[in-house]
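Here is how the chains run, residue by residue.
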Amino acid sequence: MAVTEGHNPLLGETTCGTLLHKLQEIWDEVGESDEERDKMLLQIEQECLDVYKKKVEQAAKSRAQLLEALSDAKIELANLLSALGEKTFTGMPEKTSGTIKEQLAAIAPALEQLWKQKDERVKEFSDVQSQIQKICGEISGNSNVNETPAVDETDLSLKKLDEFHAQLQELQKEKSERLQKVLEFVSSVHDLCGVLGMDFLSTVTEVHPSLNDSTGVQSKSISNDTLARLAKTVLALIEDKKQRLHKLQELAAQLTDLWNLMDTPDEERQLFDHVTCNMSASVDGVTVPGALAMDLIEQAEVEVERLDLLKASRMKEIAFKKQDELEEIYARVHTEIDPEAAREKIMALIDSGSVEPSELLADMDAQISNAKEEALSRKDILDKVEKWMSACEEESWLEDYNRDENRYNASRGAHLNLKRAEKARILVNKIPALVDTLVARTQAWEEERGMQFAYDGVPLLAMLDEYAMLRQEREEEKRRLKDQKKYSEQQTTDQDTIFGSRPSPARPVGTKKVIGPRGNGGTNGTPNRRLSLNAHQNGSKSSTKDGRRDSTSRLATPVNYVAMSKEDTASHISGTDTVPVSP
């Protein structure tokens, strides 16, 4: 190999040429043969080729690595764009030619920007997924989930992120609705516990500890289990409220019945106004705190037991009070009973203990109810009987008035008696029609009931028949007296003609006074009939506490004709049911 390079003094360094020249000088000095020299030069050349070859291989390897890096960068760029859902990217390199290093240098900023965007997007996904996971845990009841949710980095598009946000909004809405339900249930539990007198905190924390008032609203459990247990608790409290209200209303009714039986004063009743005020209340209508507390119900039970014991000791008094009420009802409708026998029977039943007090009172209540029904059925007939008797009294008064020879004198009250007599005549003329109506209605009543209609123990139809007979006798007597008067006047006229004088007028002899249905006697030797005797016998009973009317007082002959007022007399004429005051 020829020496192509020599010592270059300008470069100031040893080159291959200088070294070869130095080697030749050494060979010349040593006297190496040309063969050896060629051999050594060949060796040197081979070694140089090996070095170049090694360097070329290294350069090729480096180029391959750069190409691979460029390819990976392009793939990474495509993957990032795909994961982020970006079809285009503003930072994409426009230069796609040039050396490998130039291409790598051009794509590096885009990759860096996309990596940064990816990290931000992954954080957003992680945040929204964490919130979703937390709310799902709250709904499922597993609120202790602390694991970071795995983010799918292959799909970080905004569309996917929006889907997660939409899901989060739905869950937040559901959470809000559940929280509202929880608060409503808690409020219901609070109100129900207040009415029932129960401890609210212990009741609600038994469902879930987070429902305590000390915890924040957002910290309260909204799980399916909590909602179900709250709903179950509310239903149980409502059922308990219904049962307590029913129990309290039963106790209030018992208290009221016992109070009414024993005539308990209002002052004592007012002590239990908080019990009786809810007698007719609905379940939803009871909202006062403590209104259905157990101690209140127990207090009412104790009072009922106390009154029951007191009722047993006062049974005779209560029973006799009801018997008085029964007798009063029968007395008002003129039904005759045996009160002494009834009272003896009540005494015997109570003393023997063979009947429960409640059964005895219930039986007496049934008797009172039946008596009221019977009284109602007799009312129409009795009203007409009263009108008939009042008319008979007016008839009796009119008879006495007609027999008074001084009735036309200008004495005090004569004009009033005259007016009353005119009205009495009108009323007396209505008596036959009134009697016919009474007979028809009484017969209809007896046919419907299958029993006699008695008035103070006397059959009413017998009284009416008796009255009809007496009235007929009276009419015959009036005709006889009229004929006798004519005969007497004729005799007087004849005597005046013969003797020329006229005797003083005298009261007709044998005048008979016809009594009404409850009269007590007759005149001119006429014996009392069965009706008069019975009426007198019943009428002789004086007025008692049961309100019976003294019959004899209404049939006595009036002493003062002016005793009846104009209004009383007018009521007879009008035919109303008003009973006039006896003279």
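S.K.: Help me understand the pattern of salt bridges, please; the structure alone is not making it clear to me.
M.R.: Where charged atoms from two side chains of opposite charge come close, those side chains can pair. What the rule picks out here adds up to 22 salt bridges. Where R403 meets E399, a salt bridge forms, and the shortest distance between an N and an O atom there is 3.9 Å. Taken together, the positions of R403 and E399, both in helix α12 (residues 357-403) and 4 residues apart, correspond to about one turn of that helix. The class for E399 is buried, based on a relative accessible area of 14%.

S.K.: Would you explain unusual backbone geometry in this entry?
M.R.: Peptide bonds are, in most cases, trans, and in most cases residues other than glycine have a negative phi. Although it is not a glycine, H334 sits at a positive phi angle of roughly 55°. Residue D456 is not a glycine yet carries a positive backbone phi of 55°. Mapped onto the fold, D456 is located in the loop between β1 (454-455) and β2 (458-459). According to the relative accessible area criterion, D456 is buried, its value standing at 12%.

S.K.: Just to check I follow, could you spell out the packing of helix α6 (residues 224-262) against helix α10 (residues 315-332) for this structure?
M.R.: To describe two helices that pack against each other, one gives the angle between their axes and the distance between the axes. Taken N-terminus to C-terminus, the directions of α6 and α10 make an angle of 75°; their axes are 9 Å apart at the nearest point. Between α6 and α10, the angle is such that the two are roughly perpendicular. Touching N260, L261 and M262 of α6 are I318, K321 and K322, all from α10. Counted by class, the contact of α6 with α10 contains 3 nonpolar, 1 polar and 2 charged residues.

S.K.: What is the right way to look at the nonpolar core in this model?
M.R.: A general trend in soluble globular proteins is that nonpolar side chains are found buried together. Counting 67 residues, the largest nonpolar core has L77, V182, V186, L211, L255, V275 and L292 as the members making the most contacts within it. Those elements giving two or more residues to this core turn out to be α2 (34-83), α3 (100-140), α4 (158-196), α5 (200-207), α6, α9 (294-313), α10 and α12. By residue number, the principal contributor to this core is α6, which donates 13 residues. Counting residues in each nonpolar core, the second largest holds 34 residues, with A391, L460, L464 and Y467 among its members.

What counts and what doesn't
Residues numbered from 1 in each chain as written. Predicted model: local features only at pLDDT ≥ 70, side-chain atom pairs only at ≥ 80, totals over all residues. Heavy atoms only, no water. Salt bridge = Lys/Arg side-chain N within 4 Å of Asp/Glu carboxyl O. Helix = DSSP H or I, 4+ residues; strand = E, 2+ residues; numbered from the N terminus. Buried < 20%, exposed > 50% of the residue type's maximum accessible area, 1.4 Å probe, protein only. Axes fitted to C-alpha atoms, helices over the stretch in contact; angles between N-to-C directions. Parallel < 35°, antiparallel > 145°, perpendicular 65-115°, else oblique. Contact = heavy atoms within 4.5 Å. Nonpolar A, V, L, I, M, F, W, Y, C, P; charged D, E, K, R; others polar. Core = buried A, V, L, I, M, F, W, Y, C linked by side-chain atoms within 4.5 Å.

Limitation: the analysis is restricted to geometry and does not speak to function.
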